[in-house]
Each structure stands twice: as structure tokens, then as C-alpha cells.
Amino acid sequence: MSITLDMYQTIAVAVVVLILGAFLKRKISFLEKFCIPAPVIGGLIFAIFTLICYSTGILEIDFDDTLKEVCMVFFFTSVGFQANLKVLKSGGKPLLIFLVLVIVLIITQNFTAIGLANLLGLDSLTGMTTGSIPMVGGHGTAGAFGPVLEDFGISGATTVCTAAATFGLVAGSLMGGPIGNRLIKKHNLLDTIKNDDDTLLVEEEEKHERHFSMYAPAVFQLIIAVGIGTIFSKLLSLTGMTFPIYIGAMIAAAIMRNIGEYTGKITIHMGEINDLGGICLSLFLGIAMITLKLWQLADLALPLVILLAGQVALMFLFSYIVVFNVMGRNYDAAVLVAGTCGFGMGATPNAMANMQAICEKYEPSVKAYLIIPIVGSLFADFLNSLTITFFINLL
């Protein structure tokens, strides 16, 4: 038997899945501890249900995922609004150095994935499904670029990317705290703790204050950026390269944000935009998860394990050796290592959870709490999308 759901029914099922995931996350401490997103929890359960139905021949469900693309574009537009060059400048030299390290990490993740895929006799684009798309990018970027890879002939790319992103969330959370703790004890880093000024953290928090009356203007700003973004996307397509559909909107949003910051003539409602972007991300992930076809993972089971093991080894070596040494070999650097594991294989909330675990045991690190959210939330996704686009077109 086959059932076809239209776009309204599809998003309704996605919302039910979100509610289920949020409920289970509250009830199961493991899910809360590792910051597993509610859409992933509920969506994975639903995907397993559809797998059983498909395998037994009882039922096959077809979804109209039109609204998935709409939600995806609005989420990444909200990401574009976070690209504040003033904050980047005010973070000083350590922030710029760490940003360069993240760019190196993104590139290295992709080269590692492609290299291992070639060793296993797989297509280079298949390797990209375990590179920076799901690692630094997480579920949002996985859901966005999976269909792009499928357009290039990589069957089941969205499913593989999503599975890799879920693995990365757990692995990044498991690795970060222990690695940071080991560095602190091994090098006696408690002696290097400094009490830094946290004024910038407070100022940024004030800028993100929410006001109920500003949600409508925030929606309008998102819509304007999306509209302008279609022009940028059209111009970019003239280069002959393939870009994700949201890239123009991200660029438009970044330009609007920085015009507002430098001229003072536009007030960008960042707190409200972040909330709206979060809602769109949840809906996007919900639809992406319920439309997963887990049976497509069967042919890649063993290679996927090897590819993901390669990413874990890379993350350990990169954070333990490169990040720690470049960022100063002190207590702040050790906390940054823990945070890098979090968002380098999962998401910024995982990074913050890793750092919090260490700081609760020892002392706060203002530098780490400043750098990780700015780079992880404001710039990593933006730069990752551009890098992935370059790799896909290069391959």
C-alpha cells in the first residue's frame, strides 16, 4: 500500500515528530546530555518506522517536501545575518587566528573524506557526505547539501549526510571534555588561568535581547534578504558553478547586517531573527528526517564506519595538537580544544556544553566563551557553505 502526503500534511507530520522528540529529550537524560536535536530524535524514530514498513511491504509513504526548501532558505538567511564583521574585529587577534584554524579544519575534513573514499574505491562526492558537510555543518548543512549531492548522482546522499551528522553530535560531545581535561592535567594549565574582561560578552548578549513587537519587522527583514538573495543567486549561477539555493540569501543578509552595523541607519533585530531561524531549522530538520530512506544506508555500512572513524581521528589530532599549540598552550587553549571538538563534529551547543563541563570543574574561560560562539555560530556555517560549494564544483 502507498500513501502520498501533500506539503501541508507533510509539515504537520514533521511538527508531530518535533513534539515527540522534544518530549523524549526531556525524559531521557542521555539525549539532553549530548544535545541531540529534538527533530533528530523524533525523526529517527519515524524513519525507523518507515524502514520497517518499507522492508515488510506493508506501507510506503511519499512526502511533498516543498516546504523543506522554504524553511531551509529562511534558516540559512538567519545565519547570514549573524556575519557581523565588527564583532570579528573586536575579538582581536586570537579570534582571527581561531577563525583561520576553523577554515583549515573545514578543508582538512573534506580532503580526509575524499582521500579515504578514494582508497575504498568510492566516488569523491560520496566521501563528501562525511566531510565538513555533516561535521562542521551539522544536520542543517547535511539536509541542505544532501540533495545537491544527489543531483550529482550520489544516491542516498541526504540519508548518509544525516547519519554522519548524528554520529558527529555524539562523538564530538564524548571527545571534547576528556581531551580538554587531559591537556589541563598533563601540562598543569591551572597555573596559566587569567581573569579576562567579559564586557564584550555582555554587550553582545544585550544586542540579542528580544521584544515581542519586533518579531514582525524581523520576519520582514528575512523576507527582504531572501528576495534580494534571488538576484545574487542568479548572478552566481552565471559563473557556471553550482551553488546551494540559499547562498544568495545568506550573502544578502550578511550585507544588510554589516550596513546596519557600520551606518547605524538599519536596526537588525538579531534576537528575533535567531528565534525565527531556530523555528525554521526545526521544521526543516523535521521534514528532512521523516523523508529519510534508511534502507539506502545498507550498501555503505562498512565504508561509512571507516569514513567516520577517519573523521574522529582527524578531530582528535587537529584539536589536541594544532588548536592547543596554536592558541597558546594554556588553560584557555585547552577549553577551546573541548569546544572545537563540539562544533567541529556537531554543533555550537555541544561546544558550549563541553566547555561548561570543564569550566564547572576548574575555572571560567572568558576567551573561550567569547571565541567559540562567535566563530561557531556567526562564521563557521557561512564559510563552510562556501568551501563545500568550491569542493563540489572542483570535483
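Below or above, wherever it landed, is the structure these notes cover. Fair warning: this is a prediction, and the values are worked out from it, not measured in the lab. (Residues numbered from 1 in each chain as written. Predicted model: local features only at pLDDT ≥ 70, side-chain atom pairs only at ≥ 80, totals over all residues. Heavy atoms only, no water.)

Our focus in this paragraph is helix H8 (residues 138-151). When the terminal C-alpha atoms of H8 are compared, their 20 Å separation across 14 residues agrees well with the 20 Å that a helix rising 1.5 Å per residue should span. The axis of H8 is deflected most strongly, by about 30°, at Phe-145, and proline Pro-147 appears within four residues downstream. With 11 of 14 residues buried, H8 lies mostly within the body of the structure. Following H8 by one or two positions, Gly-153 adopts a phi angle in the positive range, close to 95°. (Helix = DSSP H or I, 4+ residues; strand = E, 2+ residues; numbered from the N terminus. Expected span 1.5 Å × (residues − 1). Bend = angle between axes of the 7 residues up to and from the residue. Buried < 20%, exposed > 50% of the residue type's maximum accessible area, 1.4 Å probe, protein only.)

Glancing now at the pattern of salt bridges. Counted by the stated rule, this structure contains two salt bridges. Residue Lys-68 pairs with Asp-65 through a salt bridge whose shortest N-O separation is 3.7 Å. According to the relative accessible area criterion, Lys-68 is buried, its value standing at 10%. With a shortest N-O distance of 3.1 Å, Glu-261 and Arg-257 are connected by a salt bridge. In this pair, Glu-261 and Arg-257 are both assigned in helix H12 (residues 247-263), four residues apart and thus about one turn of the helix distant. Assigned by exposure class, Glu-261 and Arg-257 land together as buried. (Salt bridge = Lys/Arg side-chain N within 4 Å of Asp/Glu carboxyl O.)

It is worth spelling out the side chain of Asn-330 at this point. Its location among the elements puts Asn-330 in the loop between helix H14 (301-326) and helix H15 (331-345). For Asn-330, a relative accessible area of 17% translates into the label buried. Of note is the side chain of Asn-330, whose polar atom sits 3.3 Å from the backbone nitrogen of Asp-332. Dropping the residues within four chain positions of it, Asn-330 is found in contact with Leu-189, Thr-192 and Phe-324. (Polar contact = N/O pair within 3.5 Å; in protein donor to acceptor, adjacent residues only side chain to side chain. Contact = heavy atoms within 4.5 Å.)

The next point concerns a nonpolar patch on the surface. Taken together, Leu-120, Leu-302, Val-305 and Ile-306 make up a surface patch of nonpolar side chains, about 350 Å² in accessible area. On the accessibility criterion, Leu-302 (60% relative accessible area) is exposed. (Patch = residues over 30% accessible without salt bridge, like charges linked within 9 Å, V, L, I, M, F, W, Y side chains within 5 Å. Areas by Shrake-Rupley, 256 points an atom, 1.4 Å probe, with all protein chains shown as cover.)

Our focus in this paragraph is unusual backbone geometry. Unlike most non-glycine residues, Asn-188 shows phi in positive territory, near 50°. When you line up the elements, Asn-188 lands in the loop between helix H9 (157-186) and helix H10 (199-207). One non-glycine residue, Arg-329, adopts positive backbone phi at about 50°. Here Arg-329 shows up in the loop between H14 and H15.

Next up on the list: the environment of Leu-294. Considering the arrangement of structural elements, one finds Leu-294 in the loop between helix H13 (270-290) and H14. Distance in space between the C-alpha atoms of Leu-294 and Leu-51 is 6.2 Å, their sequence separation being 243 residues. In this structure Leu-294 touches Ala-47, Ile-48, Leu-51 and Thr-159, once residues within four positions along its chain are discounted.

Honestly, it's all geometry; don't read function into it.
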